[in-house]
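Okay, here's what each chain looks like letter by letter:
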Amino acid sequence: MSAPSGHPAAPPEVAAGPGAPLPVAQDPGFAGAPASQGREWTVRALGMGLLIGALLAVTNLYMGMKTGWWDSGSITATVLGFSGLAAYGRRRGVPYTPLENNLTQTAASAVGAMPAAAGLLGALPALALLGVAVPGWGIAAWGLVLGAVGVLVAGLLRRRLLEQEALPFPTGIATAELISTLHSATPTEAPGTSVGRGRTLVGAGLVAMAVTWVRDARGWLPGMVALPGRVDGTALGALTWGVGVSPMLLAVGMMTGLQLALSMLLGAVVAWGVLSPVLLRAGVVVGAEYGTLSAWLTWPGVGLMVGAAVVSLGAQARDFLSAARDLRSVGANRGGLPRWMLGVAAVACVLAVVLGGVLFGLGVPSMVLALVLLVPLCAVCARGAGQTDVSPVSQMGNLTQVVFGGVRPGELAPNVAAGSVVAGAAAQTGVSLWSLKAGHLLGASSSKQLAAQLVGVVVGAVVAVPAYLLLVDAYGLGTAALPVPAAAQFRAVAEVSVRGLSGLPPHAGLGALVGCAVGAVLTLAARGKAARWLPSPVAMGIGFITPAFFAVTLCVGAGLAALARRWSPKLTDAQVPAVGSGALVGESLMGLILAATTALQRSA
């Protein structure tokens, strides 16, 4: 899964050193063979990818606005594409090839990343909370431009990072291995396993849709089963302690694992179990409600994230120097991009300058500065994705905000918008390079992959923006239903960059500083062997911002998955991801359907 600052973890591989590109058979961690034979760009492959991507976009939007995590969906798209088209291709006498499967996951990942690329998980909600209204067409156009720029930056960096240095990009390797395995197995092996996973995913999705409908549409199930008891005279339920009746939260716990879930629970215990009663007793906060308490708790929670981000940026100092070398390499050969893509890049940059001024008041000099920062900071994210499978998207956006705090002092909205330029493009750059890595290993055409990604960006903007508007209209922003943790981070960094610590709630500035120090210390300490035993400060920060029952439910899901793995490791490793993905898609789709129904009823 991807926290506001990163991407779902795949097992890290050994990084290849700089030098000439490695042959595919020798690429670290890849056991499959090149699949450079057969059909690639087909209507069925692209259409299936766009359809799966639309599901991923809705899922990432709903999950990201609730928990702050999102997923590229490469593995899910690979399995669903194979499940849907392999048997059909055999019946029609036109086999579904590995290259088609790769194109399917490439397009799907591009669509699925658009909620993050368009800023719908962070920057745009932060602007809305600051009172800045952006029309739907403007959000869609802004997201489309940033997504296209992110894809094109990935194309520029592809030759340097994939061919010359052969960075591992573990998610890309895992995707290529899965595609190779699915298409090289006998009809009774992997294909049957893949179809079984697909059926499990669909079954879990239907169950999740039913539970969500019974809970939200009929009211027959509560959103949370409150824990009994009191703390300092305040009921635990009023402090949001309980177990959520949410297939999505259980699924997120299953997929993130116990360490992240327990880290989030630790943050919730400190925030909602220790600090909240103290704040209420001292009269700093009046009213045991999520909204009033989260207005204060957001600050130490964001402090944890920012402290971790600062240390991470320091640890990536070499990546900044490497990014400079990457850009020199790109300048020497245009990154190997076709001329038409360079034309698309020029048009996208011009549109970005125009939209930045029209929508956010970012004049031409400010937008030019943001675009100048965009390329090297995206290169840093690309290196992070290539070496560790973590793309520090939010950190780069927050760094841009700090720069603009000095360039545009006293202006909150332009500060957040400038951060969204880099964070949005970087989100799409990382996802694009994971797909391009898989294609490189399989012998796919990079130009066809880039074209599929650009098509995915367009479809993603069309799908994600209306879904975002429906969810905001139905559930509101910054509520217990949609806490939008990443928006709190963008907003807090903007306010501190522009105003300093003045104007914060009483003692919240001190809380933010303490959180920042704790986040920095934990990140430093986690650089050694102690990493597996230390909590994640980012997950702890999310525990501060979201209701406590989110963390409790995630721990329940992670615990059930851990027990299942001990009971039957082989079966569970195949089925847990399918159950989790199905539950995520099912609740997200039903949540969107109910939001659309609510909007229609209001307009009637």
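Summarised in this report is the structure supplied together with it. (Residues numbered from 1 in each chain as written. Predicted model: local features only at pLDDT ≥ 70, side-chain atom pairs only at ≥ 80, totals over all residues. Heavy atoms only, no water.)

**Considering the nonpolar core**
To be explicit about the condition: We define the nonpolar core as a collection of buried residues of types Ala, Val, Leu, Ile, Met, Phe, Trp, Tyr and Cys that are connected through side-chain atoms lying within 4.5 Å of one another. Working definition: with a 1.4 Å probe on protein chains only, accessible area under 20% of the residue-type maximum means buried, over 50% means exposed, and in between means partly exposed. Whether two residues touch is decided by their heavy atoms; if any such pair falls within 4.5 Å, the residues are in contact.
With 137 residues, the main nonpolar core has Met65, Trp142, Trp272 and Leu374 as its most contacted residues. In contact with Leu374, other than residues within four places in its own chain, are Val149, Val153, Val421, Val422 and Ala425. Listed in part, the 15 residues of the second largest apolar core include Met48, Ile52, Leu201 and Ala578.

**Quick word on the environment of Gly131**
Definition in use: Per the convention used, a helix needs a DSSP run of H or I reaching at least four residues, while a strand needs a run of E reaching at least two, with both numbered from the N terminus.
Checked against the element boundaries, Gly131 lands in the loop between helix 5 (123–129) and helix 6 (136–164). With a relative accessible area of 64%, Gly131 lands in the exposed category. Each C-alpha atom, one on Gly131 and one on Ala413, is 9.0 Å from the other, the two residues being 282 residues apart in sequence.

**Concerning a nonpolar patch on the surface**
Worth spelling out the cut-off: Only residues above 30% relative accessible area that lack a salt bridge enter a patch, with like-charged residues linked at up to 9 Å and the nonpolar side chains Val, Leu, Ile, Met, Phe, Trp and Tyr linked at up to 5 Å. Only the protein chains shown count as cover for residues, and all accessible areas are computed by the Shrake-Rupley method using a 1.4 Å probe. What counts as a salt bridge is simple: a side-chain nitrogen of Lys or Arg found within 4 Å of a carboxyl oxygen of Asp or Glu.
Together, Trp137, Val350, Val354 and Val358 give the surface a local cluster of nonpolar side chains, amounting to about 420 Å² of exposed area. Among the elements that line the nonpolar patch, the one with the most residues is helix 13 (residues 339–360), at 3 residues. Within the element layout of this structure, Val354 appears in helix 13.

**Some details on helix 9 (residues 247–256)**
Across the 10 residues that make up helix 9, a large majority, 8, are buried. Buried residues of helix 9: Pro247, Met248, Leu249, Ala251, Val252, Gly253, Met254 and Thr256, and no others. Where helix 9 terminates, the next one or two residues include Gly257, which has phi positive at roughly 95°.

**Regarding the packing of aromatic side chains**
Our working definition: Here the aromatic set is Phe, Tyr and Trp, taking the six-membered ring for Trp, and pairing holds for ring centres within 6.5 Å; pairs whose planes are under 30 degrees apart are stacked, those over 60 apart are edge-to-face, and all others are tilted.
In total, this model carries 4 aromatic pairs according to the counting rule given. Residues Trp213 and Trp220 carry aromatic rings whose centres are separated by 6.2 Å and whose planes lie at 85° to one another, so their mutual orientation is edge-to-face. Taking the relative accessible area as the measure of exposure, Trp213 reaches 36% and is therefore partly exposed. Residue Trp220 is classed as exposed on the basis of its relative accessible area, which comes to 58%. When the centroid spacing of 5.7 Å and the interplanar angle of 15° are considered together, the rings of Trp272 and Tyr290 count as stacked. Of the two residues, Trp272 sits in helix 10 (residues 258–282) while Tyr290 sits in helix 11 (residues 290–315), which places them 18 residues apart along the sequence.

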